[in-house]
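# Topology and contacts: notes
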Amino acid sequence: MEEPTPSVAHRRPNYLLVFVALALMTGLEVIIATLPGFPKAPFLLTMSLIKALLVLFYFMHLETDSRWYRLIFFSPFIFVIAILFVVRLQ
Amino acid sequence: MAEGYAPAARGGWVVHGATSWRDYFKFNTDHKVIGTQYITMGFIFFLIGGLMAEAIRAQLSRPGNTLITGNLYNELFSLHGTIMIFLWVIPVLTGVANFIVPLQIGAQDMAFPKLNALSLWLAVLGGLLMLASFVVGGAESGWSAYPPLSEQTGNGQTLWALALFVIGFSSIFGGLNFLVTIMNLRAPGMTLMRLPLFSWSMIATSIIILGGTPVLAAALALMLWDRVVGTHFFSATGDPLMWQNLFWFYSHPAVYIMILPGFGIISEVLPVFARKPIFGYKMIAFSSMAIAIFGFLVWAHHMFTSGMNPLLRIPFMLTSMIIAVPTGVKIFSWLATIWGGRIRFTTSMLFALSFIAMFVIGGLSGIFLASIPIDIDVQDSYFVVAHLHYVLFGGTVQAVFAGLYFWFPKITGRMLNERLGKIHFWITFIGFNLTFLPQHWLGLEGMPRRVFTYPPEFATANLISSIGAFVLGIAVLPFLANILISLRAGKLAGANPWRSLTLEWTLPSPPPIHNFPQLPVVISDPYGYGRKQSAQPAQPQPTSRPAPTGGGQ
Amino acid sequence: MNQVTAVTMQEESRLDTRKLGMWLFLASEVMFFGGLIAAALNMKWHSPAGANHALNIPVTAVNTFVLIVSSTAVVMALSALQDGKPKTARNWMILTALLGTTFLGIQVNEYIKLIGKGFTPASGLFAGGFFAVTSFHGFHVFVGVITLIWMIVRTTRGSVSPDNYVPFEAWGLYWHFVDVVWIVLFTILYLL
């Protein structure tokens, strides 16, 4: 069955570039985590968020595919945050 | 996308479609067969759960009774609740939806027929595990299984958690299937604004299933780790309240899983038997979506007395009150639908009208419970038991019966006997109210739930309630007799005995294996009763025509 | 099918049924892992600082890298399929399977070492959370490898091909998601 959408090949992301970014950020995270002293949490959490978004948007094509997929995937996070919020406060 | 399926294979264990009763015991990918399997399974568990209820009410008929006490009594109320929710209501609604939704949208089958069959057999497996847990003993902490107790009782509780875990996946795969089916397999011309309201309710229900059930799965998995591996997620040294949060995060939206398809059924039945278009189609459709989303934000109202952070209680009280609004919208729309209509009091319609009344009563007691000060007083009392049975029995179960009396002709090709149906209805109505109305008073007066005896001042109300339960038990008999007699000798139904306008009624009864011989093209909405469309007012006006043959589109 | 020429709603919606199904499944997995991670974090919050000192960051960093490479191999395989090179695609798939198995092997090895050091599921709140969440993740990797083998078989047979690459694309979404979960777990369980 053919997908009646424009060919993904025309707008293929540079997968190797994404890979390099992911690898570098992972290395950076490990170095930061082993450094003593400063508050690592904001930095590490942001790094992992960026890495996750890179995989989601480029490897999983969320950037170029239908917006329905973005809606479907990101909606549950509101509820996850609600659970975390309530559990943290208890 | 539905490919061409081969007709029922003889002798294999994977078939599509049914030509004999044996095909119903196989891995059958036909949504109509799967639907029938779910409905039958559901009814068997309805009877099992019902017998447990009869045992409970027998014990509670007199104070100081010694018929069933202690651990066995705890198991009975725990399994009664669990079975009724997970093995009766949810499967039977899934079954009705399985049969009807593809027909309503003009599809050959569900989007993933093999996944559909897997869902059914997972539910059966879960049901067997659940019965095993009852036999082994130990599932004694209610259907809500609060730790630390649920982590200290016998092995039956482990089986219980495992059974629910399996059933949860059955449900998740089912919800996924319905969403993809309704999004992608609608016949040409069936825009979302022409989608029948029962199918709309399944969109909302499926969203809740996908969003909520996995969290229950996580909670059950962690309970199993605690019980089997020795972790401390919910034990006394861990955080027992965490269980309550994860459990209720699913279990509150679960009640909307149990009611939304019921609402959908009512929206189908009322216009047909009032011979009037549904009032407020868009409001009903959108209110279902609002309930689905908002329903995820109220869960801690089950925890007001748990020792939860007091600051969080008020937001949850507010959300719990606001969620009544979309349901209120539906009630008013239904009333406006039948207002001035030409009502045919068929059994299906009687159940539907009674649904509205009983559900409003249950909904009102729910609003009372949403208020923190009242809840603190009546939490874990019979007031809650009364509330939940009014919405689940007075609500969902009556909607199920309304739907079954409505769609039985389509599913089997035969009419149910109306006389027996009305006897079933009236005995149910009387028995139900006798059983549960006194329980409001019992709860307000302080009788706790989940106890096997009580002080003498509660004796009269309990006796009335137990008599009512006995009457409810009797009510099943005319229903069962009706099914058995009608399957063999019921009047032949024809395609459209109720003169309804939704797509399933354009097919023969029962429908052929591959549903529509030609893909229908939908040209209007399905509730145009009484509209001037032709010179033949007695005929239902076509809402679809066969696709043009030959030539391009 | 019969002489249907009318356009179905699917063709209008332009969403492939299999990809739509997979995204919905992944949304449910977000809730599943969300619940598990909430419980694991709760255990962490109830534990003293440094409860995760027993965990081996360098080895796990390598393991994280293994998964990242495997995700890259998956998109390479998909590109090869889309470019009409099924044999190249199959080679990338085999590499992915090997990397996934490597991840599992390293993970199991780490579990054994941790248990040997007294860091067991029952030894502490955080430990319990750690083992539960990571083994569910590991189970998902395992299922991914098994289903990947099935994909490799289908590609060899030709039922997954440049003309029918969407099943592999849908499978790939699952694999990438499992990678994303690990990215999150690595940070919140090991590094923080």
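None of these values were measured; they are calculated from a predicted model. Each chain has its residues counted from 1, following the order in which its sequence is written. Chain letters start at A and ligand numbers start at 1, both assigned in the order the entries are written. For this predicted model, a pLDDT threshold of at least 70 governs which residues receive local features, and a threshold of 80 or more governs which side-chain atom pairs are given and counted, while totals over whole chains, interfaces and linings are taken from all residues.

Scanning chain A for helices and strands turns up 3 helices and 0 strands. Start at the N end of chain A and walk to the C end: the helices and strands fall as α-α-α. Looking at chain A residue by residue over its 90 residues, the buried ones come to 28%. Only DSSP runs of H or I reaching four residues or more are called helices, and only runs of E reaching two or more are called strands; each is numbered from the N terminus. Field definition: a residue is buried when 20 or more other C-beta atoms are found within 10 Å of its C-beta, exposed when 12 or fewer are, and partly exposed for counts in between, with C-beta atoms placed from the backbone.

As a further point, take the environment of Ala38(C). Its place among the elements puts Ala38(C) in helix α2 (residues 17-45). A residue is classified by how many C-beta atoms lie within 10 Å of it, and Ala38(C), with 25 of them, is buried. Separated by 15 residues in the primary sequence, Ala38(C) and Trp23(C) place their C-alpha atoms 22 Å from one another. For Ala38(C), the contacting residues outside a window of four places in its chain are Ile83(A), Leu84(A) and Val87(A). Here the contact rule is simple: place C-beta atoms from the backbone, and any two residues whose C-beta atoms are within 7 Å are in contact.

Take the interface of chain A and chain C next. Counting residues at the interface gives 38 residues for chain A, matched by 35 residues for chain C. Looking at the side of chain A that touches chain C, the elements that each hand over two or more residues are α1 (15-34), α2 (41-59) and α3 (67-89) of chain A. Looking at the side of chain A that touches chain C element by element, the count peaks at 12 residues for α3(A). Classes in brief: Ala, Val, Leu, Ile, Met, Phe, Trp, Tyr, Cys and Pro nonpolar; Asp, Glu, Lys and Arg charged; the others, Gly included, polar. Classifying every residue of the side of chain A that touches chain C gives 28 nonpolar, 5 polar and 5 charged.

It is worth spelling out helix α8 (residues 310-322) of chain B at this point. Residue and element names in this part refer to chain B. When we look at burial in α8, the residues that qualify are Phe316, Met317 and Ser320. Mapping the buried residues of α8 onto a view down its axis gives an arc of 110 degrees, with all of them on the same face. Facing away from the buried side of α8 by more than 90 degrees, the exposed set consists of Leu311 and Ile314. For α8, the secondary structure elements touched by its buried residues are α10 (347-370) and α11 (372-378). What the arc describes is the spread of directions from the helix axis to the C-beta atoms.

A separate point is unusual backbone geometry. Residue and element names in this part refer to chain B. Cis geometry is adopted by the peptide bond preceding Pro148, which originates at Pro147 and carries an omega value of 5 degrees. Note on placement: Pro148 falls in the loop between α3 (113-136) and α4 (156-184). Residue Pro510 is bonded to the preceding Ser509 through a cis peptide linkage, with omega at -10 degrees. Its location among the elements puts Pro510 in the loop between α14 (459-489) and β3 (520-522). Although it is not a glycine, Arg450 sits at a positive phi angle of roughly 60 degrees.

Right, let's talk about helix α9 (residues 324-338) of chain B for a bit. Residue and element names in this part refer to chain B. Here the expected length of a helix is defined as 1.5 Å per residue gap, with one fewer gap than residues. Its 15 residues give α9 an end-to-end C-alpha distance of 22 Å, which sits within 8% of 21 Å, the value for a rise of 1.5 Å per residue. Within the sequence span of α9, burial applies to Pro326, Thr327, Lys330, Ser333, Trp334, Thr337 and Ile338. Projected down its long axis, α9 carries its buried residues within an arc of 125 degrees, all on one side. Of the exposed residues in α9, the ones pointing more than 90 degrees away from its buried face are Val325 and Leu335. Buried residues in α9 make contact with α6 (240-274), α7 (281-294) and α10.

All right, on to the packing of α1(A) against α2(A) then. All names here are of chain A. Only the stretch in contact is used when fitting a helix axis, every axis being a line fitted to C-alpha atoms; angles between N-to-C directions are given from 0 to 180 degrees. Closest axis-to-axis distance for the α1/α2 pair is 10 Å, and the angle between their directions is 165 degrees. Between α1 and α2, the crossing angle belongs to the class labelled roughly antiparallel. Remark: the crossing between α1 and α2 carries left-handed chirality. Contacts between α1 and α2 involve Val18, Ala21, Leu22, Met25, Leu28, Glu29, Ile32 and Ala33 on the former and, on the latter, Phe43, Leu44, Met47, Ile50, Lys51, Leu54, Tyr58 and Phe59. Split by residue class, the contact of α1 with α2 holds 14 nonpolar, no polar and 2 charged. Roughly parallel covers angles under 35 degrees, roughly antiparallel covers those over 145, roughly perpendicular covers 65 to 115, and oblique covers all other angles. Should the near helix be turned anticlockwise from the far one by less than a right angle, the crossing is left-handed, and should it be turned clockwise, the crossing is right-handed.

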